[in-house]
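A closer look at the structure
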Amino acid sequence: MSNNFRRFVSKVGPVFWLQDRIEEIVLWKRGWRRTVTWMAVYAWLCYFPRMVLLIPHAVVIGAILATYPYGGKEQGGGATPAAPPQPLSAAAEGSAPWQANIQAIQNLMGAVSDLFTLAEPHVHHFALSPAHFKDPTSTYTKPGSSSSAKPTTNTTTPTNGSNTPVSPYTLHILVILTLTFPLLAFVIHMPYFPIRQVFLFGGLLPFVFTHPWVGRLLAVAGPYGHVISTALYKHGIELNNAVRGFLGIRKSKRRVVDDDKAELGGVEGGTIKRQPLKMVIRRLMDDDRLTDKCWNSEMREVELWENERFADANATTSSTSSNGNTNSNPQSLSLSRGQWNKTNLRPTERSAWTRGRDGWSGVGPGALSTSGNAGADAIGGGVSDGQGEVSSNLTFSLAPGWLFVETEDWRKDLVGGWSGVGADPDGWVYTNDAWLGARPEPYTAAGGLGSLTRRRRWVRRVWYDKDRAEKEK
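Residues numbered from 1 in each chain as written. Predicted model: local features only at pLDDT ≥ 70, side-chain atom pairs only at ≥ 80, totals over all residues. Heavy atoms only, no water.

1. Observations regarding the overall build of the protein chain
- Within the protein chain, the secondary structure is distributed over 13 helices and nine strands.
- Counting only residues that meet the buried cut, the protein chain has 28% of its 473 residues in that class.
- When contacts within the protein chain are restricted to residue pairs at least 6 apart in sequence, those whose partners lie at least 24 apart make up 64%.
- As displayed, the protein chain offers around 31,000 Å² of accessible surface, 61% of which is attributable to carbon and sulfur atoms. (Helix = DSSP H or I, 4+ residues; strand = E, 2+ residues; numbered from the N terminus. Buried < 20%, exposed > 50% of the residue type's maximum accessible area, 1.4 Å probe, protein only. Contact = heavy atoms within 4.5 Å. Areas by Shrake-Rupley, 256 points an atom, 1.4 Å probe, with all protein chains shown as cover.)

2. Points about the side chain of Arg455
- Mapped onto the elements, Arg455 comes out in strand β9 (residues 453-464).
- Sequence-distant contacts of Arg455, defined by excluding residues within four places in its chain, comprise Glu306, Asn307, Arg350, Arg357, Asp358, Trp418, Gly427, Trp428, Val429, Thr431 and Trp435.

3. Some points on the nonpolar core
- Within the largest apolar cluster, eleven residues are counted, these being Val302, Leu304, Leu394, Phe396, Leu398, Ala399, Trp402, Phe404, Trp410, Trp458 and Val462.
- Those elements that place two or more of their residues in this core are β3 (299-311), β6 (402-404) and β9.
- Other than its neighbours up to four places away in sequence, Trp410 contacts Val302, Glu303, Leu304, Leu394, Phe396, Phe404, Trp458, Val459 and Arg460. (Core = buried A, V, L, I, M, F, W, Y, C linked by side-chain atoms within 4.5 Å.)

4. Side note on the environment of Ala40
- With respect to the helices, strands and loops of the structure, Ala40 is situated in helix α3 (residues 32-47).
- Note: C-alpha distance between Ala40 and Leu204 (164 residues apart in sequence) is 9.6 Å.

5. Quick notes on the pattern of salt bridges
- Under the defined criterion, the tally for this structure stands at 21 salt bridges.
- The salt bridge partner of Arg21 is Glu24, with a shortest N-O separation of 2.8 Å. In this pair, Arg21 and Glu24 are both assigned in helix α2 (residues 13-26), three residues apart and thus about one turn of the helix distant.
- Looking at Glu24, the relative accessible area reads 15%, which means it is buried. (Salt bridge = Lys/Arg side-chain N within 4 Å of Asp/Glu carboxyl O.)

6. Regarding a nonpolar patch on the surface
- Together, Trp44, Tyr47, Phe48, Met51 and Leu54 give the surface a local cluster of nonpolar side chains, amounting to about 500 Å² of exposed area.
- Among the secondary structure elements, Met51 is positioned in the loop between α3 and α4 (55-66). (Patch = residues over 30% accessible without salt bridge, like charges linked within 9 Å, V, L, I, M, F, W, Y side chains within 5 Å.)

7. Here's the deal with α4
- Between the first and last C-alpha of α4 there are 16 Å, a value that for twelve residues agrees with the 16 Å anticipated at 1.5 Å per step.
- Among the twelve residues of α4, zero are classified as buried, and the element is accordingly described as predominantly exposed. (Expected span 1.5 Å × (residues − 1).)

8. Considering the confidence of the model for the protein chain
- Per-chain confidence: the protein chain averages 73 in pLDDT, with 68% of residues scoring 70 or above.
- Least confident of the elements in the protein chain is helix α10 (residues 259-263), whose mean pLDDT is 38; most confident is helix α6 (residues 170-188), at 92.
- Between residues 137-157, whose pLDDT stays under 50, and residues either more than four places distant or in other chains, the model counts 30 contacts.
- A low-confidence stretch, residues 361-392 (pLDDT under 50), is modelled with 71 contacts involving residues beyond four sequence positions or located in other chains. (pLDDT = per-residue confidence, 0-100.)

9. So, the packing of aromatic side chains
- Overall, the coordinates contain seven aromatic pairs when judged by the stated rule.
- An aromatic cluster is present here, built from Phe310, Trp340 and Tyr430 joined pairwise through their rings.
- Across from the ring centre of Trp428, 3.9 Å away, lies the NZ or CZ of Arg454, which sits over that ring. (Phe/Tyr/Trp six-rings, centres within 6.5 Å; stacked < 30°, edge-to-face > 60°. Lys NZ or Arg CZ within 6 Å of the ring centre and 35° of its normal.)

10. A word on the side chain of Arg456
- Within the secondary structure layout, Arg456 lies in strand β9.
- At 2.8 Å, the side chain of Arg456 and the side chain of Glu306 are in polar contact.
- Beyond its immediate sequence surroundings of up to four residues, Arg456 is in contact with Leu304, Trp305, Glu306, Lys412, Asp426, Gly427 and Trp428. (Polar contact = N/O pair within 3.5 Å; in protein donor to acceptor, adjacent residues only side chain to side chain.)

11. Description of the packing of helix α1 (residues 3-11) against helix α5 (residues 96-123)
- Viewed as axis vectors pointing N to C, α1 and α5 meet at an angle of 100°, and their least axial separation amounts to 8 Å. Relative to α5, α1 is oriented roughly perpendicular. Residue-level inspection shows Phe5, Arg6, Phe8, Val9 and Ser10 of α1 in contact with α5, the latter providing Trp98, Asn101, Ile102 and Ile105.
- In terms of residue class, the contact of α1 with α5 is made up of six nonpolar, two polar and one charged. (Axes fitted to C-alpha atoms, helices over the stretch in contact; angles between N-to-C directions. Parallel < 35°, antiparallel > 145°, perpendicular 65-115°, else oblique. Nonpolar A, V, L, I, M, F, W, Y, C, P; charged D, E, K, R; others polar.)

12. Re the pairing of β3
- Pairing between β3 and β9: eleven bridges, direction antiparallel. Its bridge partner being in β9, Leu304 is matched across the sheet by Trp458.
- As defined by bridge partners, β3 adjoins strand β4 (residues 339-341) across three bridges and the pair is classed as antiparallel. Each bridged residue has a counterpart across the sheet, and for Phe310 the counterpart in β4 is Trp340. (Pairing = 2+ DSSP bridges.)

13. Concerning the pairing of strand β8 (residues 428-431)
- Side chains Trp428 and Tyr430 of β8 all project onto a buried face; the interleaved residues Val429 and Thr431 project onto the opposite face, where all are buried too.
- Pairing of β8 with β9, which is carried by four bridges, proceeds in the antiparallel orientation. Across the sheet, the residue bridging to Tyr430 is Arg454, located in β9.

14. Here we look at unusual backbone geometry
- Phi at Trp28 is positive, roughly 60°, even though this residue is not glycine.
- If you trace the backbone, Trp28 turns up in the loop between α2 and α3.
- The phi dihedral of Trp435 is positive, around 65°, even though this residue is not glycine.
- Tracing the sequence through the fold places Trp435 in the loop between β8 and β9.
- For Trp435, a relative accessible area of 8% corresponds to the buried category.

Next up, the structure:
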C-alpha cells in the first residue's frame, strides 16, 4: 500500500460521512420531517436564488456551532458537563474508522463499476466516426459457393475498424441536438420562461420517486401496467368526445372498447386494435435503422411460431381429442408448481418452432406464411436443412432475391390478433392439451385440466433485392 493511499484512507472519513447524510435525506431514512425540511430549504432557494450566495456563510456558521460542547442531561443538582469536542484527526491505520473507510472505498468502487457497466452499452451512440458517412450495403454470397450451403442472414454489427459498433443513431442525435440548441437558448431567455418552477419541480422529483410509498406502489402496479394504460386510453377518448361535444365539434369515430376486450388487444368485434407501446417504439427504431436501399424496396413480413407445453411433476396429464373428450381422469393440475418449456413437447406433436399456425402445415418448401398476405407466400423456400425444420438461429432459405432485413431481428407479436382472443402481455396464447380453445391467459378447467399448451407468434421483415435476384438467375 503506497504512502499516498494510506494518507487518503486515514483522511477520507468526512467525505463518506457527508455521503451517508445525503443518502439519509434523499432516501427518507431519518424520517419525513428531516427530508421535508431540506425540501423546503431547496424550494426557498429556487424562489430566492440570490440566497445561494449565502450558502458558504451558512455552512461555516453551522460547522462552528456544531463544535460547541453543549451541556448534557441534568442529573441530581445540575447538568453533566459535555465531553469536549474532538479535533478533526486522521484515523489510525488498522483502527475501526480505518477499516470503515476501506469498506466505504470498496463500496464506492463497486458502485462506479456498476454505473460504468450500465452505461457502456450506450456509449457508442455518442461516438462519431467516418463509418457513419459510408453507405451500408448488404453482403452477397455467390450461389454455389461453400458458404451458401446453409443460408443465413448477415446480422454482424458494422464497426469503425476498432471493434467498436457503429450506432445508427449518432447522426440523428447530433442533428437533433444541433437544431434544438438555438431554439432552447431562445426559449430559456424569454422573460416569461418559468425558470424557478423548472428548477423547483426538477429538484423535488427525485425526492418523490425515492419515497418508500412510491416504491411499493410501483411494485404493486407494475404487473397491471397494460390494464392501467388501457383504462387511461379509454377515459381519454371519453374526455375527448366530451370536449368535442361541448365545443360543437363532431365526435371522434373511435369507439371505446370494453375493458375485457381492451385487455385482449381490442379484438372480438372492437373497432380498435392497438399495438402496445413497446411494439410501436420497436418498429420505429427498426424503421430508423433501415438502409436507403432496403427502405426503397418491397418489404413483407414472415412469421414463426414458438410452441411450449406445461408439465407438472405432481400431476398426470391425459390426451384430449379434438372433440374435447379426455381419455383418462387426471389429478388436479397446479400451474404454480410446474413450468412451461419446449422440452415438454411430446414426440408425436409439433416441434418447438414451426412455420405454420396449426403446427403441422406450412413447413414444406414454398409454404412460408406472411401474416395475412397470401401473395407473399411465394417468397418462402425450403429451410436450411431441407426437412421443413427451423434452424437453431431461426433463419431459413427464401426465394431468389428475398433477404432478411439485416438491421433487425425477430420481434414478438404482443397483440395476438391471429388468435381471435388476443394474447398475454408477452404474446403467448394458451390452449388445451389438443392445442384448441385459445385463451389470452392460463386457465384451469373442470376436472383439473386447463391450459397445457401455448404458442407465440414471431415476425420478421424481408425485402426484395433486384440486383441479387438477377445475379442468382
